[in-house]
Amino acid sequence: MLNIKKLLIASYTGCLLFMSSQVEATDIVSVNIHGNSAEAIIELPGGVSADITLEFENAVGLTAQNLGISAEVVDLTSQALLQRLPSITDIAPSAAFPMMITIEPQLTSGFSFSGLATVDIHTHNLEYTAGTPLRFFKAPLNGEFKDITMTMGAGSYRARGSTGRFSQFIIVADLRPQVTVIDSKYNDLQTALNNFSADIDPAVYSALLQDLADVNQLMLLQNYSAASNKLNTFNRRISDNSGDKVPNVWRSSRDISNVAGELMAYANTLRFSLRLAN
């Protein structure tokens, strides 16, 4: 089974070894700002290109310079990169699209946003096919990558994710069993809620805990549709209480946590996986 998985990953990553030897950051990033959205058009050596769009509920100080966006062709054989993935046997960066995008605003930039940031990525280097294992992953700077996929689109490859913070994004082939992905995403959501317990109004926190307990019970019954609907309730509860009861602001000084954005982002990608399983 392991060898089959390795062969499948190789087929999706394309085995373009000549790209693996290139590790090059670039300044060829065109960024356009329109109100609460930003679009970057990226072209890297080897014909690797993409456009990425970020949309914010409400942003302050959003400029191309303040966003702090850059991109690079990554070394697909780098242990430093591979060890940041949840699995080195079932997940691999795409050799047809060896791009890592970093969004890391400077501490003093004054940039901030509230709620969720939605991130769309589009590239002609990959093609969407039914059942594709391609997924959109995100990590804190030099931290562990996690799946943030909310939707995928046909044609070339398009994916959408959401986040309450930044900073690094890649596309990978993820061949883990769907139940493994679901369990991992649920655990990430539960852990995040636990870690933010001191920041959330006690009554709201208790209700959110019950929501997740209900989601877990429905997952155990393999009622993925009802579990997905319950996650909608979880997100609505957060949205209805965002602000004083559930902190919802990210800012470049990184002195506060965007609790609402982070929890809703975890819920969004879990809901995506539940839909696939259903």
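Here, every reference points to the structure presented above.
Treat the numbers as computed from the prediction; the structure is a model and nothing was measured. (Residues numbered from 1 in each chain as written. Predicted model: local features only at pLDDT ≥ 70, side-chain atom pairs only at ≥ 80, totals over all residues. Heavy atoms only, no water.)

We now examine the side chain of T163. Relative to the helices and strands, T163 resides in strand β12 (residues 156-163). Within the local environment of T163, its side chain forms a polar contact with the side chain of K138, the two groups lying 2.9 Å apart. If we skip the residues at most four places from it in the chain, T163 touches F113, G115, L116, A117, V119, K138, G261, E262 and A265. (Helix = DSSP H or I, 4+ residues; strand = E, 2+ residues; numbered from the N terminus. Polar contact = N/O pair within 3.5 Å; in protein donor to acceptor, adjacent residues only side chain to side chain. Contact = heavy atoms within 4.5 Å.)

Now for the pattern of salt bridges. Enumeration over the complete set of coordinates arrives at 11 salt bridges. A salt bridge links R176 to D174, with the shortest nitrogen-to-oxygen separation between them at 2.7 Å. Comparing R176 with D174, the two get one shared label, buried. Across the salt bridge formed by D211 and K230, the nearest N and O atoms sit 3.7 Å from each other. On the criterion of sequence distance, the pair formed by D211 in helix α6 (residues 202-220) and K230 in helix α7 (residues 224-241) is long-range, its members being 19 residues apart. Given a relative accessible area of 2%, D211 falls into the buried group. Taking relative accessible area as the criterion, K230 reaches 21% and is therefore assigned partly exposed. One continuous salt-bridge network, built from bridges that share partners, spans D211, D214, K230 and R237. (Salt bridge = Lys/Arg side-chain N within 4 Å of Asp/Glu carboxyl O. Buried < 20%, exposed > 50% of the residue type's maximum accessible area, 1.4 Å probe, protein only.)

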